[in-house]
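# Architecture and fold: a report
These are the residues of each chain, in order.
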Amino acid sequence: DAGVIQSPRHEVTEMGQEVTLRCKPISGHDYLFWYRQTMMRGLELLIYFNNNVPIDDSGMPEDRFSAKMPNASFSTLKIQPSEPRDSAVYFCASSLGDSRGTQYFGPGTRLLVL
Amino acid sequence: SQQGEEDPQALSIQEGENATMNCSYKTSINNLQWYRQNSGRGLVHLILIRSNEREKHSGRLRVTLDTSKKSSSLLITASRAADTASYFCATDSNYQLIWGAGTKLIIKP
């Protein structure tokens, strides 16, 4: 299996621009997670889906962030408008059968908002 | 505050030595997991230990769990340069994983 795929790997944008991060989970996995990692705050869960349905979005920082999962093989995390404090590495992860089980991470998207 | 907290924050040892990292948590758990993150990469699952287990091995890795002390340790024996990475523990709470801040391990040649 190819593992979790994320794109782009790097994104540099200017404050106020819209940013869209993409994720393809491992085929057959029914859970998908979006995380943000920074030096200051560590690894934070933003939102997770089960069978394409958002289950817990309490970690989404504010209304500027939105996530969708239109089908089992694709999810997006959108930031609009972006701000410098959104600069971080964003990870997508997937798991099978349990939101508390083993998670498989993608390589991450390194976002820099100028 | 985070559920899992690793100790130490950073550890630097010579190649061939053993490395021990600790994780403490606050609430009861069903399982505890350890992950590794190489620089610039995603996290990779290493081992999962259930609350009714006390010790688990995987190759050069040995994990212990003491639920009475709410703590776990990860031992890497005979360390190698390739073990240089950050190591995170994750505990389950409210149907999600709660992550510690990680231990940065450096193996000196």
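Residues numbered from 1 in each chain as written. Chains lettered and ligands numbered in written order. Predicted model: local features only at pLDDT ≥ 70, side-chain atom pairs only at ≥ 80, totals over all residues. Heavy atoms only, no water.

### Remarks on the overall build of chain B
Counting its regular elements, chain B contains zero helices and 11 strands. Each helix and strand of chain B, placed in order from N terminus to C terminus, yields the pattern β-β-β-β-β-β-β-β-β-β-β. For chain B, whose C-alpha radius of gyration is 13 Å, the value lies close to the compact-globule estimate of 13 Å for 109 residues. Referenced to the eigenvectors of the C-alpha coordinate spread, the extents of chain B come out at roughly 40 × 25 × 20 Å. Sequence-distant contacts in chain B: of pairs separated by 6 or more residues, those separated by 24 or more amount to 54%. (Helix = DSSP H or I, 4+ residues; strand = E, 2+ residues; numbered from the N terminus. Rg over C-alpha atoms; globule rule 2.2 N^0.38 Å. Contact = heavy atoms within 4.5 Å.)

### What to know about the interface of chain A and chain B
Taken residue by residue, the interface counts 18 residues in chain A and 18 residues in chain B. Contact between chain A and chain B buries roughly 1500 Å² in total, counting both sides, with carbon and sulfur atoms accounting for 50%. Together, Leu43(A), Arg100(A) and Phe105(A) form the three largest contributors to the area buried by chain A at its contact with chain B, with a combined 40%. For the interface between chain A and chain B, the tally reads zero salt bridges. (Buried area = accessible area lost by both parts, 1.4 Å probe. Salt bridge = Lys/Arg side-chain N within 4 Å of Asp/Glu carboxyl O.)

### Quick notes on unusual backbone geometry
A cis geometry characterises the amide bond from Ser7(A) onward to Pro8(A), with omega recorded as -10°. Topologically, Pro8(A) is positioned in the loop between strand 1 (5-7) and strand 2 (10-13). Cis geometry is adopted by the peptide bond preceding Pro81(A), which originates at Gln80(A) and carries an omega value of -5°. If you trace the backbone, Pro81(A) turns up in the loop between strand 8 (74-79) and strand 9 (88-95). At Lys70(B), a residue that is not glycine, the phi angle is positive and equals roughly 50°.

### Things to note about the pattern of salt bridges
Scanning the entire structure with this criterion turns up 12 salt bridges over all chains. With its nearest N and O atoms 3.5 Å apart, the salt bridge here joins Arg64(A) to Glu83(A). Note that Arg64(A) is positioned in the loop between strand 6 (53-56) and strand 7 (65-71) and Glu83(A) in the loop between strand 8 and strand 9, a separation of 19 residues in sequence. Judged by its relative accessible area of 10%, Arg64(A) falls in the buried class. The exposure class assigned to Glu83(A) is partly exposed, which follows from its relative accessible area of 22%. With its nearest N and O atoms 3.2 Å apart, the salt bridge here joins Arg62(B) to Glu55(B). For Arg62(B), a relative accessible area of 31% gives the class partly exposed. Each member of the salt-bridge network shares a partner with another, and the members are Glu62(A), Arg64(A), Glu83(A), Arg85(A) and Asp86(A). (Buried < 20%, exposed > 50% of the residue type's maximum accessible area, 1.4 Å probe, protein only.)

### Remarks on the packing of aromatic side chains
Overall, the coordinates contain 10 aromatic pairs over all chains when judged by the stated rule. With 6.1 Å between their ring centres and 75° between their planes, Phe91(A) and Phe105(A) make a pair best called edge-to-face. Here the residue Phe91(A) occupies a position in strand 9, and Phe105(A) occupies one in strand 10 (residues 104-105), the gap between them amounting to 14 residues. Across the pair, exposure class does not vary: Phe91(A) and Phe105(A) are buried alike. Chaining the aromatic ring pairs together yields one cluster made of Tyr31(A), Phe33(A), Tyr35(A), Tyr48(A), Phe91(A), Phe105(A), Tyr35(B) and Trp99(B). (Phe/Tyr/Trp six-rings, centres within 6.5 Å; stacked < 30°, edge-to-face > 60°.)

### Comments concerning the environment of Phe33(A)
Residue and element names in this part refer to chain A. Residue position: Phe-33 is located in strand 4 (residues 31-38). Looking at Phe-33, the relative accessible area reads 1%, which means it is buried. Note: C-alpha distance between Phe-33 and Tyr-48 (15 residues apart in sequence) is 4.3 Å. The residues contacting Phe-33, other than those within four sequence positions of it, are Leu-45, Ile-47, Tyr-48, Phe-91, Cys-92, Ala-93, Ser-94, Ser-95, Ser-99 and Gln-103.

### Quick notes on a nonpolar patch on the surface
A cluster of nonpolar residues, Val12(A), Leu112(A) and Leu114(A), forms a patch on the protein surface that exposes about 290 Å² of accessible area. With respect to the helices and strands, the residue Val12(A) is situated in strand 2. (Patch = residues over 30% accessible without salt bridge, like charges linked within 9 Å, V, L, I, M, F, W, Y side chains within 5 Å. Areas by Shrake-Rupley, 256 points an atom, 1.4 Å probe, with all protein chains shown as cover.)

These values are about where atoms sit, not about what they do.
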